[in-house]
Amino acid sequence: MRQGVKELNKIWIDGDSLTLEEIIQVARDNYPVDITADAMEKVNKTRKLVDDYVEDEKIVYGITTGFGKFSDVAISKEETETLQRNLIISHACGVGNPFSEETVRAIMLLRANALAKGYSGIRLSTLETLIEMLNKGVHPIIPEKGSLGASGDLAPLSHMVLVMMGEGEAIYGGNRMTGKEAMETADIATIRLTSKEGLALINGTQVMTAVGALTVYDSKQLLKLVDIAAALTVEAQRGIIDAYDWKVHHVRPHEGQQQTAKNLLSLLEGSTFTTRQGELRVQDAYTLRCIPQIHGASRDAINYVEAKINIEINSATDNPLIFTEEGEVISGGNFHGQPLALSFDFLGIAIAELANVSERRIERLVNPQLSGLPAFLTAKGGLNSGFMIAQYAAAALVSENKVLAHPASVDSIPSSANQEDHVSMGTIAARKAKEIYENTVNVLAIELMVAAQAIDFHKDHKLGKGTSEAYRIIRDHISILQEDRVMYEDINRSAALVTTHEIVKGVEAYVTLL
């Protein structure tokens, strides 16, 4: 029975209430999807208006006209089906490696949710085909590159629609095959697009939003881990905790800054590694003293981007939009990705800064002039290089992030004979943010290893309430480096602890992290 409320392990879409957590459940956990009865009614009502316009041969952009520069070319009702098919096959110009299956699932879900909002004019049967593909695991091959991020993600979304038509390629059951074969094997009937449907399916921001949503979700999980890694380094450096005092952050009340300071004090509670100002030194270097300010700024930035995503995932982003109550079809610009392009550039910068400060903490730990510990944290330096090149790797990743953090949104290249004369490049911004995130995971993985190694050079001290559990988990997977060994294997194991959130989950059994 269809209903408007969520059932266990099923996500009901209506165009208005999808959440970031539900996107993850569908994309990664394969939760099934269905459309609510109210949304079905809206879709059918809007579709009827489109059919009426076609029958009356009214001149309406994208329904009875060509697209882009060809918007002044009238299309007869006999040609509307050919128009929509030609739109898809001509726009499927994506290049490069395909998106991951989880990203494709997020794309399909977001497009279905936007269509369920009831302003696009698609047939219910066509929308249900997209949902059926999602539920049965038919995942179109969608190349990563080729979107300008305005007029929607036209090229990549066209590759999604090709499979609905029995064209293109898809992954089904772990195997790559033709779209026709995938649909037949999954027992899903292919579709023949009719008026407005091709445009409704591809004119939206769902590719950039999907990539950005997955990255924001992962980045939010990363925020706790970066505080844990920093706390371990604070202990390894006998850091001064006065800088994390509530009074300091109360008089500059940025939320992220306050949350990070609270996390640090919770993690370090009971530690005998940490010191107070004046005991060993008056103050620490910025990478230790200013952790709340640095991490906190990235927290606030990521939360800002999440707020933008929460708006976008429940928005109507195609063109034209159909308003049934007023009987109007309005050609606007909701497909323009500028709100997201700026946000995803901001996201990339915020994540890059987490790696930037992490690498500087790594340098402090391996540099004997800064740490007071053996060079590169090896007891037999010269014969062994220890963590020398691990810091190189972190530095290389941070440098790459700096290149990637250059904003995509400041660029625009006119298209469609200058009809579409400003574009957002939002999909590039989202893809760059994801790559920055992946680099940052590895930088933090190296910091966790280096901090644990540095801690082992200190004797007769007790770790904090939270850091002791983080240290235990690291040592369960990565042993102390006594002599040089193949290092990349350790880095990969440490990175897995980051991406699976094993350290965060373990620590949160003992302390509450914000």
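Quick caveat, the model's predicted, so the values are computed rather than measured. (Residues numbered from 1 in each chain as written. Predicted model: local features only at pLDDT ≥ 70, side-chain atom pairs only at ≥ 80, totals over all residues. Heavy atoms only, no water.)

**Some words on empty space enclosed by the protein**
Remark: the empty space left among the atoms is shown by a probe the size of a water molecule rolled over them. How we decide: Grid points spaced at 1 Å over the protein atoms alone were grouped into cavities, where a 1.4 Å probe fits but cannot get out, and pockets, open sets with protein on both sides within 12 Å along at least five of seven lines, with lining residues defined by an atom within 4 Å of a point. Grid points are joined across faces, edges and corners, and a volume is the space filled by probe spheres set on the points. Secondary structure is summarised from DSSP: a helix means a run of H or I of at least four residues, a strand means a run of E of at least two, and numbering begins at the N terminus for each.
Overall, the coordinates contain one cavity of 30 Å³ or more when judged by the stated rule. Considered as a void within the structure, the largest cavity measures approximately 40 Å³ in volume. As for the largest cavity, its lining consists of F387, M449, Q453, R475, I478, S479, L481, R485, M487 and D490. Listing elements by their share of the lining of the largest cavity, those giving two or more residues are α17 (426-455) and α19 (487-499).

**Some points on the sheet that holds strand β7 (residues 175-178)**
The condition that has to hold: DSSP-based pairing: two strands are paired if at least 2 bridges between them are found.
Read across the open sheet, the three strands follow the order β4-β6-β7; overall the sheet is antiparallel. Of all strands in the sheet, those with a lone pairing partner are β4 (139-140) and β7, marking the two edges.

**Considering unusual backbone geometry**
Cis peptide bonds are those with omega within 30 degrees of zero, and the linkage from N319 to P320 qualifies with -5°. Relative to the helices and strands, P320 resides in the loop between α13 (291-312) and β8 (321-323). The phi dihedral of K196 is positive, around 75°, even though this residue is not glycine. Of note, K196 is situated in the loop between α7 (179-185) and α8 (197-202).

**A closer look at the layout of surface pockets**
Basically, it comes down to this: Gly is placed with the polar residues, together with every amino acid not listed as nonpolar (Ala, Val, Leu, Ile, Met, Phe, Trp, Tyr, Cys and Pro) or charged (Asp, Glu, Lys and Arg).
Considering only enclosed or pocket space, the second largest pocket measures out at about 160 Å³ in volume. Lining the second largest pocket are F99, S100, T103, E144, V211, R431, K434, E435 and E438. With four residues, α17 is the largest single contributor of residues to the lining of the second largest pocket. Its residues placed into classes, the lining of the second largest pocket shows two nonpolar, two polar and five charged.

**Examining the environment of T378**
Filter applied, for reference: Exposure classes here rest on a 1.4 Å probe applied to the protein chains alone. A residue is buried below 20% of its type maximum, exposed above 50%, and partly exposed in between. Contacts between residues were defined by any pair of non-hydrogen atoms, one from each residue, lying within 4.5 Å.
Positionally, T378 belongs in the loop between α15 (368-371) and α16 (388-404). Residue classification places T378 among the buried positions, given a relative accessible area of 5%. C-alpha of T378 to C-alpha of P339: the two residues are 39 residues apart in sequence and 49 Å apart in space. Among all residues touching T378, those that are not within four sequence positions of it are N384, S385, G386 and F457.

**Details of the environment of S266**
Locating S266 in the fold gives a position in helix α11 (residues 255-268). Residues S266 and R111, 155 residues apart in the sequence, show an inter-C-alpha distance of 42 Å. If sequence neighbours within four positions are ignored, S266 has contacts with K465, G466, V511 and T512.

**Observations concerning the nonpolar core**
How we decide: Nonpolar core, defined: a set of buried Ala, Val, Leu, Ile, Met, Phe, Trp, Tyr and Cys residues in which side-chain atoms within 4.5 Å join the residues together.
Among the nonpolar cores identified, the biggest contains 145 residues, and I13, I35 and I503 are the most heavily contacted of them. The dominant element in this core, judged by the number of residues it contributes, is helix α9 (residues 206-236), at 18 residues. Of all hydrophobic cores here, the second largest spans seven residues; its members include V50, Y53, V60 and I63.

**Re the pattern of salt bridges**
Pairing is possible between side chains of opposite charge, provided their charged atoms come close. Spelled out, the test is: The term salt bridge refers to a side-chain nitrogen of Lys or Arg lying within 4 Å of a carboxyl oxygen of Asp or Glu.
Evaluated as defined, the whole model comprises 31 salt bridges. Close ionic contact of E167 with R85 constitutes a salt bridge, the shortest N to O distance being 3.1 Å. Of this pair, E167 sits in the loop between α6 (154-164) and β6 (169-172) while R85 sits in helix α3 (residues 80-91), and the two are 82 residues apart along the sequence. Its relative accessible area of 35% is what places R85 among the partly exposed residues. Among the charged side chains, a salt-bridge network with shared partners connects D16, K42 and K117.

**Quick look at the pairing of β6**
Here β4 runs beside β6; their pairing, made up of two bridges, is antiparallel. Within the sheet, the bridge partner assigned to H139 lies in β6 and is I171. Two elements, β6 and β7, share four bridges in a ladder whose sense is antiparallel. When the bridges of β7 are listed, I171 appears paired with R176. Counted between consecutive antiparallel strands, the loop separating β6 from β7 contains two residues, among which G173 sits at a positive phi close to 60°.

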